[in-house]
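# Per-entry structural report
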Amino acid sequence: QGQLVQSGAEVKKPGASVKVSCKTSGYTFTDYYFHWVRQAPGQGLEWMGRINPDSGDTNYAHNFQARVTMTWDTSISTAYMELSSLTSDDTAIYFCAKDRDTNGYLYFDLWGQGTLVTVSS
Amino acid sequence: DIQMTQSPSSLSASVGDRVTISCRASQRIFKFLNWYQLKPGKAPKHLIYAASSLQSGVPSRFSGSASGTDFTLTISGLEPEDFATYYCQQSFSTPLAFGQGTKVE
């Protein structure tokens, strides 16, 4: 089935960057895309983008394109999401998720536990 | 970009009730529609893919349907563990947008 374990909570000052990790186990790391999704306080889920750890291809949502970088390290089966130029609006829980394709239909079948990022001066 | 509009934003229900949540896509997405359940402090749980296919292990009281750009999640016989927030998500094209969520309380 697999498991995704994310790094711990972070507190950052405005203007700083944060890098969240997502360590995988239980399946072949390069077989599936990783996605990053966030949930700000009192808000819904927001898709940030995805990375193909086999090819390195990325797709970023427009809102984050200028500030987000998604990377990976196959040797330790870990994906990363770095967000720069943080503001208080970036205070949120950040989730990694692995996707799966069944009969051509894509969904997120495995999620990390979430990482709380707080941006405060 | 495809926009997903969910309704209602919240609803009040009791154990045993039949609950219906709606989701509308801004353009045709065929059956590329997922449903997730989110509880505070927990990872989201995938419930349904392809608009109406139940993920393995999900109770059969959950069901999904589609009509054009309108999608519905139905919980037939609400259980105590079903009080949560539910999100639809389109997987037809990037960005893979979610609806705003429906809180069942």
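Above: the structure in question.
Read on for an overview of the structure. The model shown is predicted, which means the values in this text are computed figures rather than measured ones.

### As for the state of the cysteines
What the rule picks out here adds up to two disulfides over all chains. In this model A:Cys22 forms its disulfide with A:Cys96; the gap between the sulfur atoms is 2.0 Å. Torsion about the S-S bond of the A:Cys22 and A:Cys96 cystine: about 70°, corresponding to right-handed handedness. Here A:Cys96 lies in strand β9 (residues 92–102) and A:Cys22 lies in strand β3 (residues 18–25), a separation of 74 residues in the sequence. For the pair shown, A:Cys22 and A:Cys96 are each scored as buried. The disulfide partner of B:Cys23 is B:Cys88, and the S-S distance across this bridge is 2.0 Å. Taking the sign of the S-S torsion, about 70° here, the bridge from B:Cys23 to B:Cys88 comes out right-handed. Here B:Cys23, found in strand β3 (residues 18–25), pairs with B:Cys88, found in strand β9 (residues 85–90); they are 65 residues apart in sequence, far enough to count as distant. Take B:Cys23 and B:Cys88: they sit in the same class, and that class is buried.

Parameters and conventions
Residues numbered from 1 in each chain as written. Chains lettered and ligands numbered in written order. Predicted model: local features only at pLDDT ≥ 70, side-chain atom pairs only at ≥ 80, totals over all residues. Heavy atoms only, no water. Disulfide = S-S within 2.5 Å. Helix = DSSP H or I, 4+ residues; strand = E, 2+ residues; numbered from the N terminus. Buried < 20%, exposed > 50% of the residue type's maximum accessible area, 1.4 Å probe, protein only.

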